[in-house]
Amino acid sequence: MIQVNPIILFHLYDRSNAAMTSEVNAVTNEIFNEVLSETEQAVRDTLRRFALDVMRPIGKELDNLTPDEAIAKDSIYWEAHKKYAELGMDQFTADDSLTPVELARINALSSEMMGWGDAGLAISLGLGAMPQNFAQLTGNADLIARCTPDRIGCWAVTEPGHGSDIVDMYGDERAERKFRGDCVARKDGDNFVISGQKSSWVSNGSFAENAGLFCTYEDDKGVQGGGAFVVPLDLPGVSRGKPTDKIGQRPLNQGEIFFDNVVIPADYMIAGPDQYDDFLHMVLTGANAGMGSLFAGLARAALEHAVDYARERVQGGKPIIEHQAVKTRLFEMFRKVEAARALNLHAVTHNAVNPIFELAVASKVTSTRTALEVATEAMSIYGGAGMTKEHPIEKLMRDASVSVIEDGENTLLGILAAARL
Ligand SMILES: Cc1cc2nc3c(=O)[nH]c(=O)nc-3n(C[C@H](O)[C@H](O)[C@H](O)COP(=O)(O)OP(=O)(O)OC[C@H]3O[C@@H](n4cnc5c(N)ncnc54)[C@H](O)[C@@H]3O)c2cc1C
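Note on numbering: residues in each chain are counted from 1, in written sequence order. Two thresholds apply to this predicted model, a pLDDT of at least 70 for residue-level local features and 80 or more for giving and counting side-chain atom pairs, whereas whole-chain, interface and lining totals are computed over all residues. To obtain the side-chain values, all non-hydrogen atoms of the structure were included, while hydrogens and water were left out.

### A word on the domain arrangement of the protein
Many structure descriptions define interface size as the accessible area lost when the parts assemble.
Thinking step 1. Domain limits in this description derive from either an automatic procedure or a database domain assignment. Here the protein is partitioned into domain 1 (6-132), domain 2 (153-271) and domain 3 (280-418).
Thinking step 2. Between the C-alpha centres of domain 2 and domain 3 there is a distance of 30 Å.
Thinking step 3. Overall, the association of domain 2 and domain 3 removes approximately 1500 Å² of surface from exposure, summing both partners, and the carbon and sulfur fraction of that is 74%.
Thinking step 4. It is Trp-155, Met-169 and Gln-249 in domain 2 that bury the most area against domain 3; as a group they hold 38% of the surface buried on that side. Here the buried area means the combined drop in accessible surface, using a 1.4 Å probe, for two parts upon being joined, counting both sides.

### Points about the site of the ligand
Thinking step 1. Taken together, 21 residues lie near the ligand, and Trp-155, Thr-158, Ser-164, Gln-254 and Glu-409 sit nearest.
Thinking step 2. Counting of polar contacts relies on pairs of N or O atoms within 3.5 Å, with two restrictions inside protein: one atom must be capable of donating a hydrogen and the other of accepting it, and residues adjacent in sequence are counted only when both atoms are side-chain atoms. One of the backbone nitrogen or oxygen atoms of Trp-155 is found 2.7 Å away from a nitrogen atom of the ligand.
Thinking step 3. Val-157 places a polar main-chain atom, nitrogen or oxygen, 2.8 Å from an oxygen atom of the ligand.
Thinking step 4. The fraction of the free accessible surface of the ligand (970 Å²) that becomes covered by protein chains is 72%.
Thinking step 5. Secondary-structure elements contributing two or more residues to the shell around the ligand are strand E1 (153-156), helix H10 (164-167) and helix H15 (410-418).
Thinking step 6. Under the convention adopted here, Pro, Cys and the residues Ala, Val, Leu, Ile, Met, Phe, Trp and Tyr are nonpolar, Asp, Glu, Lys and Arg are charged, and Gly plus all remaining residues are polar. Considered class by class, the residues forming the shell around the ligand number 10 nonpolar, seven polar and four charged.
Thinking step 7. Here the shell around the ligand gathers at least three residues from each of two domains, domain 2 (153-271) and domain 3 (280-418). For this description, a residue counts as near a given molecule or strand if any of its non-hydrogen atoms is within 4 Å of it. Note on areas: Shrake-Rupley with a 1.4 Å probe; residue coverage comes only from the protein chains shown. Comment: elements are numbered from the N terminus, with helices defined as DSSP H or I runs of at least four residues and strands as E runs of at least two.

### Some remarks on the nonpolar core
Thinking step 1. Judged by nonpolar contacts, the single largest core of 108 residues is most densely connected at Phe-134, Trp-155, Ile-194, Phe-214, Val-231, Leu-233 and Phe-259.
Thinking step 2. Among the elements that make up this core, the one with the highest residue count is helix H11 (residues 273-312) (18 residues).
Thinking step 3. Contact criterion: two residues are considered in contact whenever any of their non-hydrogen atoms come within 4.5 Å of each other. Leaving out residues up to four positions away in the same chain, Trp-155 has contacts with Leu-127, Met-130, Phe-134, Val-202, Gly-212, Phe-214, Leu-280, Val-283, Leu-284, Ala-287 and Asp-407.
Thinking step 4. Counting five residues, the second largest nonpolar core, distinct from the first, contains Ala-108, Ala-289, Val-348 and Ala-360. What makes a nonpolar core is a set of buried Ala, Val, Leu, Ile, Met, Phe, Trp, Tyr and Cys residues whose side-chain atoms join them at distances within 4.5 Å. Each residue gets one of three labels from its accessible area relative to the maximum for its type: buried under 20%, exposed over 50%, partly exposed in between, using a 1.4 Å probe on protein chains only.

### Focus on the pairing of strand E3 (residues 191-198)
Thinking step 1. When DSSP finds two or more bridges between two strands, those strands count as paired. Here strand E2 (residues 183-188) runs beside E3; their pairing, made up of six bridges, is antiparallel. Looking at E3, one finds that Val-184 is bridged to Ser-195.
Thinking step 2. Once E2 ends, the chain turns through two residues before running back antiparallel as E3, passing Gly-189 with a positive phi of about 60°.
Thinking step 3. As judged from the seven bridges shared by E3 and strand E7 (residues 255-265), these two strands associate in the antiparallel manner. Across the sheet, residue Ile-194 finds its bridge partner in E7, namely Val-262.

### A few points about the pairing of E1
Thinking step 1. Of the two faces of E1, the one carrying Gly-153 and Trp-155 and the one carrying Cys-154 and Ala-156 are both buried.
Thinking step 2. With four bridges connecting them, E1 and strand E4 (residues 210-219) associate as parallel partners. Across the sheet, Trp-155 pairs through a bridge with Gly-212, a residue of E4.

### Structural notes on the pattern of salt bridges
Side-chain pairing between opposite charges can occur once the charged atoms of the two side chains come close.
Thinking step 1. The term salt bridge refers to a side-chain nitrogen of Lys or Arg lying within 4 Å of a carboxyl oxygen of Asp or Glu. Following the criterion strictly, the structure yields 26 salt bridges and no others.
Thinking step 2. Residue Glu-112 pairs with Arg-341 through a salt bridge whose shortest N-O separation is 2.9 Å. Placement of Glu-112 in helix H7 (residues 100-127) and of Arg-341 in helix H12 (residues 324-353) is noted, with a sequence separation of 229 residues between them. Just as Glu-112 is buried, Arg-341 falls in that class too.
Thinking step 3. Between Arg-300 and Glu-304 there is a salt bridge; the shortest N-O distance is 3.4 Å. Taken together, the residues span about one helical turn, with Arg-300 and Glu-304 both in helix H11 at a distance of four residues.
Thinking step 4. In the salt-bridge network here, residues are joined through shared partners; they are Glu-112, Arg-300, Glu-304, Glu-338 and Arg-341.

### A closer look at helix H3 (residues 38-63)
Residue pairs three or four apart in sequence face the same way in an α-helix, which turns once every 3.6 residues.
Thinking step 1. Spanning 26 residues, H3 covers 35 Å between terminal C-alpha atoms, matching the ideal 38 Å at 1.5 Å per step.
Thinking step 2. What the bend at a residue measures is the angle between two axes, fitted to the seven residues ending there and to the seven starting there. The axis of H3 is deflected most strongly, by about 40°, at Ala-51. In this scheme, a helix's expected span is set at 1.5 Å multiplied by one less than its residue total.

### Here we look at unusual backbone geometry
Thinking step 1. Unusually for a residue other than glycine, Gln-249 sits at a positive phi of about 50°.
Thinking step 2. Topologically, Gln-249 is positioned in the loop between strand E6 (238-243) and E7.
Thinking step 3. Residue classification places Gln-249 among the buried residues on the basis of a relative accessible area of 0%.
Thinking step 4. If you check the backbone angles, Asp-407 has positive phi at about 60° while not being a glycine.
Thinking step 5. Secondary-structure assignment places Asp-407 in the loop between helix H14 (393-403) and H15.

### Observations regarding the packing of aromatic side chains
Thinking step 1. The pairing test for Phe, Tyr and Trp rings, Trp by its six-membered ring, is centres within 6.5 Å, and the orientation test on the planes gives stacked under 30 degrees, edge-to-face over 60, and tilted for anything in between. In total, this model carries 13 aromatic pairs according to the counting rule given.
Thinking step 2. On the basis of an interplanar angle of 75° and a centroid distance of 5.0 Å, the ring pair of Trp-78 and Phe-207 is categorised as edge-to-face. Linking Trp-78 in helix H5 (residues 77-87) with Phe-207 in the loop between E3 and E4, this pair joins segments that are 129 residues apart in sequence.
Thinking step 3. On the accessibility criterion, Trp-78 (28% relative accessible area) is partly exposed.
Thinking step 4. Three or more aromatic residues joined by ring pairs form one cluster here, namely Phe-134, Trp-155, Phe-214, Tyr-276 and Phe-279.

### Section: the side chain of Asp-63
Thinking step 1. One can find Asp-63 in helix H3.
Thinking step 2. Setting aside residues no more than four positions away along its own chain, Asp-63 makes contact with Arg-250, Pro-251, Lys-389, Lys-395 and Arg-398.

### Some thoughts on the side chain of Ser-206
Thinking step 1. Take Ser-206: it is sitting in the loop between E3 and E4.
Thinking step 2. In this structure Ser-206 comes out as buried when scored by relative accessible area, which is 15%.
Thinking step 3. Side-chain polar atoms of Ser-206 contact the side chain of Asn-253, separated by 2.8 Å.
Thinking step 4. Excluding its chain neighbours within four sequence positions, the residues that come into contact with Ser-206 are Ile-71, Arg-240, Pro-243, Asn-253, Gln-254 and Gly-255.

Put into structure tokens, the structure is as follows:
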């Protein structure tokens, strides 16, 4: 169905945000329309509108609220979830006529646009479906019915005493393979009993209705390794901590989840100790490529703001974009953004047919580093104005700074990827 070369597609630079009204860009968009499939054009245009009209204004507002205010009942945060659900993005996942590669391209395109809109909010909205996807793997009709798309999800992995240790799935950098974590699922007849806690980093943790829980698996013989489960969070024994206050991605809620002898049926397990490493590996490969799309989007947003500002700001008698040193810096930013986008397309395309962990990590590390570098340079191009809350750059820089730790700190991810070269 899609006949264009995906590499060409993503090499082309979609400037539509930089000056949506400019004639040059209107013409450029028409050219792009010829190389994007109709579905891709529709996704791009819909998500761009959503990013501009919903994500950016709501993200800006949430950024200025306390973590408690951001998720209060009357918070505008819920409006973002409602409007995102109305877009019906899950229709693509259910569309059998799309090949895996076509679906991967659509997902990458939409994630990039959402990262361009507001990266923290994008993660909150996108995470919702994770337990739903996991539930499908169990084949358990009761669980699948509990994990409908309208129920917000989370991915509960990190523990207070185990951050990188849990991401280090094969124990490459860890002395001990079978450690007892802060959260344990103990096999008890036909059930699992879950006790302990997940850390304050769980995204959507303060209100998620279902969790994809990755924790220690224990039976009568003791700790056996890791286990992955889907856990409805309205079960007796589940409680929450205070939402986390952090410097960047403030529209993304994060918070602790506590489990006090929470009982789930044994068939809510997605992976036991024998499959755990491979399952975590698979999830991290998908998550890292997704992060690559999102933060290529943030980097692009920072570049576009910088170009716009450089066109407007007059110093030395002319717009600063006409100074050669500024042009050189903008080109460097452009080069990095396009490299991140191209690598991300390469990684998501591979993931669709033959997932490669190290390629997904390369994309995550490249996009997040690029986002931080480009946002930092954009701030410098803005001069003093960049430091103020009147302009979007300081927020983009804060949002990018958090991304290099999110879903695995970049250095550790690189060590794990290197072990597979
Ligand atoms: C915005 C954001 C969103 C997140 N979302 C989620 C989520 O939805 N769910 C969830 O469960 N978690 C989430 N996390 C947690 C995230 O995955 C962890 O923060 C990350 O894995 C790092 O763990 P840590 O913070 O405990 O750092 P630590 O593991 O304590 O690492 C500290 C430093 O030591 C280094 N280090 C650690 N171990 C080694 C080693 N063996 N060799 C070399 N260097 C090492 C690290 O590279 C790092 O620089 C999120 C984090 C952020 C910032």
